[in-house]
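Chain and residue survey
Spelled out from the first residue to the last, the chains are:
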Amino acid sequence: MAGTVRLIEAAVRDIATGRGVTVVEPGNLYECELGDGVFVGPFCEVQRGVSIGARTRVQSHSFVCELVTIGADCFIGHGVMFVNDRFSGGGPARGDMSKWEATVIGDRVSIGSNATIMPVTICDDVVIGAGAVVTKSIDVPGSYAGNPARLLRRA
């Protein structure tokens, strides 16, 4: 099989930033907004239209897809994956953005390493345990863990 490869380099491009932002290379951040004092570790992807609030830390190997908003003073652990396609039609949306859903993370939310966050809303002052899978919105401050994530204790 002979063919050509279209190579697209990872880059930090077309981003709006506040003061004191740190991005550790390599990374792929594009057409997103990072508030004052945001930290993004290496090997992260932050896609178009994402907004990350002031003083939030995104650790290495995390993926923040389109339609995600993260509040201020949050912690996103290593390898956290945000999802915007529930495969509601039985498979991937294949670029049909009308099938994608948004995720909104409140302020002072900590998400443990390797958690998966489906399209949901998470209120302020929540802790998500490492490896948790958040499939439903969270409107009660507290600590959550498991697959699917469930409330362990109120804040």
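A brief structural summary. None of these values were measured; they are calculated from a predicted model.

Points about the pattern of salt bridges
Taken as a whole and judged by the stated rule, the model has eight salt bridges. Between Arg-48 and Glu-31 there is a salt bridge; the shortest N-O distance is 3.0 Å. Taken as a pair, Arg-48 in the loop between strand 7 (45-46) and strand 8 (51-52) and Glu-31 in the loop between strand 4 (28-30) and strand 5 (33-34) lie far apart in primary sequence, 17 residues in all. Ionic pairing is found between Asp-125 and Arg-108, a salt bridge with its closest N-O pair at 2.7 Å. One end of the pair, Asp-125, is in the loop between strand 17 (121-122) and strand 18 (126-128); the other, Arg-108, is in the loop between strand 14 (103-105) and strand 15 (110-111), and 17 residues separate them in sequence. Overall, Asp-125 belongs to the partly exposed group, its relative accessible area being 33%.

Some details on the pairing of strand 20 (residues 142-145)
Pairing analysis gives three bridges linking strand 18 to strand 20, with the strands arranged parallel. What sits directly across from Val-126, in strand 20, is Gly-142. Sheet topology note: the strand 20/strand 21 (residues 150-154) ladder contains four bridges and is antiparallel. Along strand 21, the bridge assignment pairs Ser-143 with Arg-153. Hairpin connection, strand 20 to strand 21: the antiparallel pair is bridged by four residues, and Gly-146 has positive phi, about 105°.

Let's talk about the nonpolar core
Of all hydrophobic cores here, the largest spans 32 residues; its most connected members are Ile-70, Phe-82, Ile-105, Ile-111, Ile-117, Ile-122 and Ile-128. Secondary-structure elements contributing two or more residues to this core are strand 11 (68-70) and strand 18. In contact with Ile-70, other than residues within four places in its own chain, are Ser-51, Ile-52, Gly-53, Thr-56, Val-64, Ile-76, Phe-82 and Ile-105.

A word on the sheet that holds strand 21
Ordered by their spatial adjacency, eight strands build an open sheet running 3-6-9-12-15-18-20-21, and the pairing between neighbours is mixed. On the outer flanks of this sheet lie strand 3 (22-23) and strand 21, each paired with one strand and no other.

Some details on the packing of aromatic side chains
Counted by the stated rule, this structure contains zero aromatic pairs. Directly above the ring of Phe-39 sits Arg-57, whose terminal nitrogen or CZ lies 4.1 Å from the centroid.

Considerations on the environment of Tyr-30
Assignment of secondary structure puts Tyr-30 in strand 4. When the C-alpha atoms of Tyr-30 and Arg-6 are compared, they prove to be 19 Å apart, with 24 residues separating the residues in sequence. In this structure Tyr-30 touches Arg-13, Asp-14, Ile-15, Glu-45, Val-46, Gln-47 and Arg-48, once residues within four positions along its chain are discounted.

What counts, and where the lines are drawn
- The numbering scheme is per chain: residues are counted from 1 as the chain's sequence reads.
- Only residues with pLDDT of at least 70 get local features here, since the model is predicted, and only at 80 or more are side-chain atom pairs given and counted; chain-wide, interface and lining totals rely on the full set of residues.
- Each side-chain value is derived from all of the structure's non-hydrogen atoms; neither hydrogens nor water enter the calculation.
- What makes a salt bridge here is a side-chain nitrogen of Lys or Arg within 4 Å of a carboxyl oxygen of Asp or Glu, nothing more.
- Where helices and strands are cited, they refer to DSSP runs of H or I of at least four residues and of E of at least two residues respectively, numbered from the N terminus.
- For every residue, the accessible area obtained with a 1.4 Å probe (protein chains only) is divided by the maximum for its type, and the residue is called buried under 20%, exposed over 50%, and partly exposed between those limits.
- Two strands pair if DSSP finds at least two bridges between them.
- In these notes, a set of buried Ala, Val, Leu, Ile, Met, Phe, Trp, Tyr and Cys residues joined through side-chain atoms within 4.5 Å is what counts as a nonpolar core.
- We call two residues in contact whenever any of their non-hydrogen atoms come within 4.5 Å of each other.
- Two rings belonging to Phe, Tyr or Trp (six-membered ring only in the last case) form a pair when the distance between their centres is within 6.5 Å. Interplanar angles under 30 degrees mark stacking, angles over 60 mark edge-to-face geometry, and anything in between is tilted.
- For a ring to carry a charge above it, either NZ of a lysine or CZ of an arginine must fall within 6 Å of the ring centroid while also lying within 35 degrees of the normal to the ring plane.

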